[in-house]
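# Structure assessment
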Amino acid sequence: MPRSFLSHLECPQCGTTYDADIIHHLCACGSPLLARYDLAAAAREVSPADVSRRAPSLWRYRELLPVRTDACEVTLGEGMTPIVPLVRAGTLHRLAHLYLKDEGLLPSGTFKARGAAVGVSRAKELGAKVLVMPTNGNAGGAWAAYAARAGLRAVVVMPELAPLITRHECAVMGSHLFLVDGLITDAGRLAGRAAAQAGWYDVSTLKEPYRIEGKKTMGYEMAEQWGWSVPDVVVYPTGGGVGLIGIYKALQEMQAMGWIGPKLPRFVAVQAAGCAPIVRAWERRAAVSELWADAATVAFGINVPKALGDFLVLKALYETDGRAIAVPDAEILAAQQELARQEGLFVCPEGAAALAAAIHLREEGWIADGDQVLLLNTGTGLKYPETVAAQPAVIPADGELPVDDIRG
Ligand SMILES: *Cc1c(COP(=O)(O)O)cnc(C)c1O
Ligand SMILES: [Zn+2]
């Protein structure tokens, strides 16, 4: 039996198909390409029970991933992140069934590790030598790590304002790092030009079809952890939207294989008020978004003024009775504090935005009392130390702690 049931690449806009074993970027029509599998054959060869007996990494879904040879699997042990019940925060906000899938535990501290693990593995399999990418930081850190592990060169271009730690990640992993005095869209232009000139493999978000295949494993895991079922609402901090598109794709694949029933969650795309192109488009019931001017937010991973896959994100929202919502930075930071104090979770601002959104949607009544709500925390707060202010008192070495001021 083959390791992967990858069959071809397909354009979700015009339906053109491409050979998956040749390097392709975008469709001739300009749309991203999606990987397709022989799902009927996969369903005959592997069952949910088989998968559940395998090692707890995202490679347990290997039949539905694009890597054909074991030797090309580049892994740091990524996958099977915990789903944590948020009982105290849930009670506080009348969300009786509130959960958080904590992607902060992955290598490099964000869910970008999923896309990088699968993307780098497939790039290696297809013979790429130099990978080039724009990033808001976290993808750069993750791809630099997996490229190092694979023995490939990575060239990373990120905005000067991207979180400092992600620079250090790229540097320590030996990638070629460049900063741009602009946004991720500017970094993308530089990376694209260099790729065309030098023949490098452009791994920009959705410009190659395999990063999304890694990210979709969040959907497989979610269903498996939910007992081969799904929650009522999935709240996702949306930048390029690859995670949301990926989770939706995974659910559709699992439905086609009979792994889950017809029920789908309502997807919520959360954006920051300072950069909310998907929300604006959703409010207008538009099929695509427009470039957001002067984008700015503390949640750097979702500071994407125009996403190549915007039409796929919007389609997922419309098809699942979902919605988009913007939350201001002040609420994001308040939610980050709350998750830390109430639940012991130091999440990234993007993940905190998901809680801020759920609170709004519950107040509005869009989330009902009995709804099971799953928040995606896309990364650890440890990568964003500048989002919290600590001003501890300094005690002289021969001094004493103010024990009378502190009660249990
Ligand atoms: C990249 C990133 C996002 C947005 O991811 P998409 O799936 O591309 O929308 C959210 N949170 C963090 C921490 C990120 O690094
Ligand atoms: Zn096309």
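Overview of the structure. (Residues numbered from 1 in each chain as written. Chains lettered and ligands numbered in written order. Predicted model: local features only at pLDDT ≥ 70, side-chain atom pairs only at ≥ 80, totals over all residues. Heavy atoms only, no water.)

Time to look at the pattern of salt bridges. A full pass over the atoms with the stated rule returns 24 salt bridges. Between K101 and E221 there is a salt bridge; the shortest N-O distance is 2.7 Å. With K101 in strand β5 (residues 97–102) and E221 in helix α9 (residues 217–225), the pair connects residues that are 120 residues apart, well separated along the chain. For K101, a relative accessible area of 1% puts it in the buried group. Exposure remark for E221: the relative accessible area of 0% places this residue in the buried category. For E364, the salt bridge is made with R323, and the minimal N-O distance between the two is 2.8 Å. Of the two residues, E364 is situated in helix α14 (residues 349–364) and R323 in strand β12 (residues 323–327); the sequence distance between them amounts to 41 residues. Through salt bridges that share partners, D21, R68, R122 and E125 make up one connected network. (Salt bridge = Lys/Arg side-chain N within 4 Å of Asp/Glu carboxyl O. Helix = DSSP H or I, 4+ residues; strand = E, 2+ residues; numbered from the N terminus. Buried < 20%, exposed > 50% of the residue type's maximum accessible area, 1.4 Å probe, protein only.)

Our next topic: the site of ligand 1. Near ligand 1 there are 18 residues, and of these K112, Y236, G241, G243 and T378 occur at the shortest range. One nitrogen or oxygen atom from the side chain of K112 is found 2.7 Å from an oxygen atom belonging to ligand 1. G240 places a main-chain nitrogen or oxygen 3.3 Å from an oxygen atom of ligand 1. Relative to its unbound accessible area of 380 Å², ligand 1 is 96% covered by the protein chains. Elements supplying a minimum of two residues to the shell around ligand 1: β10 (233–237) and α10 (242–257). Built from parts of two domains, the shell around ligand 1 gets at least three residues from each of domain 1 (6–75 + 110–202) and domain 2 (83–105 + 216–387). (Near = heavy atom within 4 Å. Polar contact = N/O pair within 3.5 Å; in protein donor to acceptor, adjacent residues only side chain to side chain. Areas by Shrake-Rupley, 256 points an atom, 1.4 Å probe, with all protein chains shown as cover. Domains from an automatic or database assignment.)

Attention now goes to the coordination of the zinc ion (ligand 2). Donor atoms from the polypeptide that bind the zinc ion (ligand 2) are C11 (SG), C14 (SG), C27 (SG) and C29 (SG), placed at 2.2 to 2.3 Å. Taken together, the four donor atoms coordinating the zinc ion (ligand 2) span angles of 106 to 118 degrees at the metal, a pattern that classifies the geometry as tetrahedral. Using a relative accessible area of 44% as the deciding quantity, one classes C29 as partly exposed. (Donors = N, O, S within 2.8 Å, 3.2 Å for Na, K, Ca; no water. Tetrahedral: all angles 85-135°; square planar, octahedral: opposite > 155°, others 65-115°.)

Next up on the list: α10. For an α-helix, 3.6 residues make a turn, and residues three or four places apart therefore share a direction. In this model, α10 (16 residues) spans 22 Å end to end at C-alpha, consistent with the 22 Å of a helix rising 1.5 Å per residue. Among the 16 residues that make up α10, 13 are buried, leaving the element largely enclosed by the rest of the structure. One or two residues past the end of α10 sits G258, with phi positive at roughly 75 degrees. (Expected span 1.5 Å × (residues − 1).)

This brings us to the sheet that holds strand β2 (residues 17–18). Sheet architecture is open: three strands sit in the order β2-β1-β3, paired in antiparallel fashion. Of all the strands in the sheet, just β2 and β3 (34–37) have a single pairing partner and so form its edges. Here four bridges tie strand β1 (residues 6–10) to β3, and the two strands are oriented antiparallel to one another. Bridging from a neighbouring strand, L9 pairs with A35 of β3. (Pairing = 2+ DSSP bridges.)

Before going further, it helps to examine the sheet that holds strand β13 (residues 372–377). Strand order in this open sheet of six strands is β4-β5-β13-β10-β11-β12, and the pairing throughout is mixed. In the strand order of this sheet, the two ends are held by β4 (83–85) and β12, each with one partner. Across this sheet, the average inter-strand angle for adjacent strands is 25 degrees, counted without regard to direction. Across six bridges, β5 lies against β13 in parallel orientation. Bridge assignment links Y99 to a residue of β13, and that residue is L374. α14 rests against β5, β10, β11 (266–272), β12 and β13 of the sheet, and its axis sits at about 110 degrees to β12. (Axes fitted to C-alpha atoms, helices over the stretch in contact; angles between N-to-C directions. Contact = heavy atoms within 4.5 Å.)

Membership of the largest hydrophobic core comes to 95 residues, with the highest contact counts inside it found for L131, M254, W259 and L317. Here the element with the most residues in this core is α10; it accounts for nine residues. Here this core spans two domains, since at least three of its residues come from each of domain 1 (6–75 + 110–202) and domain 2 (83–105 + 216–387). Excluding anything up to four places from it in sequence, W259 contacts V46, S47, P48, V51, L64, Y220, W228 and M254. One finds L100, V235, A354 and L375 within the second-largest nonpolar core, a separate group that totals 31 residues. (Core = buried A, V, L, I, M, F, W, Y, C linked by side-chain atoms within 4.5 Å.)

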